[in-house]
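# Tertiary structure, described
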Amino acid sequence: MKIIYPGSFDPFTKAHLELTLRAAQLADEVVVLFAENANKEPYYPLAERLAFARTALSNYDKIKVDTCPGLLADYFRDSQADAVLRGLRNTNDLLYEQSMAEVNRLLCPSLETVLLLSRPESSWMSSSLARELAERQADLSSIIPERVLAAHRQELYKLNN
Ligand code: PNS
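The structure reproduced in this document is the subject of the present report. Since this is a predicted model, take the numbers as computed values, not measurements.

### Describing the overall build of the protein chain
Helix and strand counts for the protein chain come out as six helices and five strands. Computed over C-alpha atoms, the radius of gyration of the protein chain comes to 15 Å, within 12% of the 15 Å expected from 2.2 N^0.38 for 161 residues, which places it in the range of a compact globule. Residues classed as buried in the protein chain amount to 45% of the 161 residues present. When contacts within the protein chain are restricted to residue pairs at least 6 apart in sequence, those whose partners lie at least 24 apart make up 75%. On the protein chain, roughly 9,100 Å² of surface is accessible, and the fraction owed to carbon and sulfur atoms is 52%. Side-chain charges in the protein chain split into 18 positive and 22 negative, and the spacing between the mean points of these groups amounts to 2 Å.

### Concerning helix α2 (residues 46-56)
If you check which residues of α2 are buried, you get Glu-48, Arg-49, Leu-50, Phe-52, Ala-53 and Ala-56. On its buried side, α2 packs onto α1 (14-26), β2 (29-35), β3 (63-68) and α6 (149-160).

### Some remarks on the pairing of strand β5 (residues 113-117)
Pairing of strand β4 (residues 83-88) with β5 involves five bridges; the strand directions are parallel. What sits directly across from Leu-85, in β5, is Val-114. Once you follow β4 into helix α4 (residues 91-107) and on to β5, the crossover reads as right-handed.

### Quick notes on the site of the ligand
Taken together, 14 residues lie near the ligand, and Ser-8, Glu-36, Asn-37, Lys-40 and Leu-72 sit nearest. Between Tyr-96 and the ligand, the recorded distance is 3.3 Å, taken from a side-chain N or O atom to an oxygen atom. With respect to the pocket detection grid, the ligand is positioned in the largest pocket. For the shell around the ligand, the secondary-structure elements that each account for two or more residues are β1 (2-7) and α4. Ranked by residues supplied to the shell around the ligand, first place goes to α4 with three residues. Split by residue class, the shell around the ligand holds six nonpolar, five polar and three charged.

Scoring rules and cut-offs
- Residues numbered from 1 in each chain as written.
- Predicted model: local features only at pLDDT ≥ 70, side-chain atom pairs only at ≥ 80, totals over all residues.
- Heavy atoms only, no water.
- Helix = DSSP H or I, 4+ residues; strand = E, 2+ residues; numbered from the N terminus.
- Rg over C-alpha atoms; globule rule 2.2 N^0.38 Å.
- Buried < 20%, exposed > 50% of the residue type's maximum accessible area, 1.4 Å probe, protein only.
- Contact = heavy atoms within 4.5 Å.
- Areas by Shrake-Rupley, 256 points an atom, 1.4 Å probe, with all protein chains shown as cover.
- Lys, Arg positive; Asp, Glu negative; His and termini not counted.
- Charge placed at Lys NZ, Arg CZ, Asp CG, Glu CD.
- Pairing = 2+ DSSP bridges.
- Right-handed = clockwise from strand over helix to strand, strands pointing away.
- Near = heavy atom within 4 Å.
- Polar contact = N/O pair within 3.5 Å; in protein donor to acceptor, adjacent residues only side chain to side chain.
- 1 Å grid on protein atoms, 1.4 Å probe; cavity = no way out; pocket = protein on both sides within 12 Å on 5 of 7 lines; lining within 4 Å.
- Sits in = over half its atoms within 2 Å of the grid points.
- Nonpolar A, V, L, I, M, F, W, Y, C, P; charged D, E, K, R; others polar.

Following this line, the structure appears as structure tokens:
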């Protein structure tokens, strides 16, 4: 089974990592897919976001990282995947995920969206909170995967100087 896990990952957090690893327990292949959210202006450049995720996931052979400049439904069809994965932290997420799953299914009727519940210890995490902490030079170790903390510090230095 091949699972596509799409998102902005701006940046890739410990919650994203946890969900990706859980998906890898269920599937033969997981693709962490950097797609464009028309409602969000990225904080970190795409190249850096990709590098963060690739570093965080470099130990796992069946997890790939890729980009999708267009529609997720087209990528899904072209890559012959079996399902799209999204994480669910709370009921607010549910409404958003429900409409996204429905749009994607209209665009590609075979596209099945699978929702995995966040673990309680990571359900408070969000990329926006990570950005907020980063902007204020706060400690990121609770929310950013350990392997990319140093790279984050370098990137923040670049962004702020
Ligand atoms: O992490 P996000 O920002 O909640 O992820 C949303 C994302 C990027 C997965 C979504 O905006 C998306 O699928 N974008 C690709 C373009 C697309 O297919 N849009 C139609 C479905 S919403």
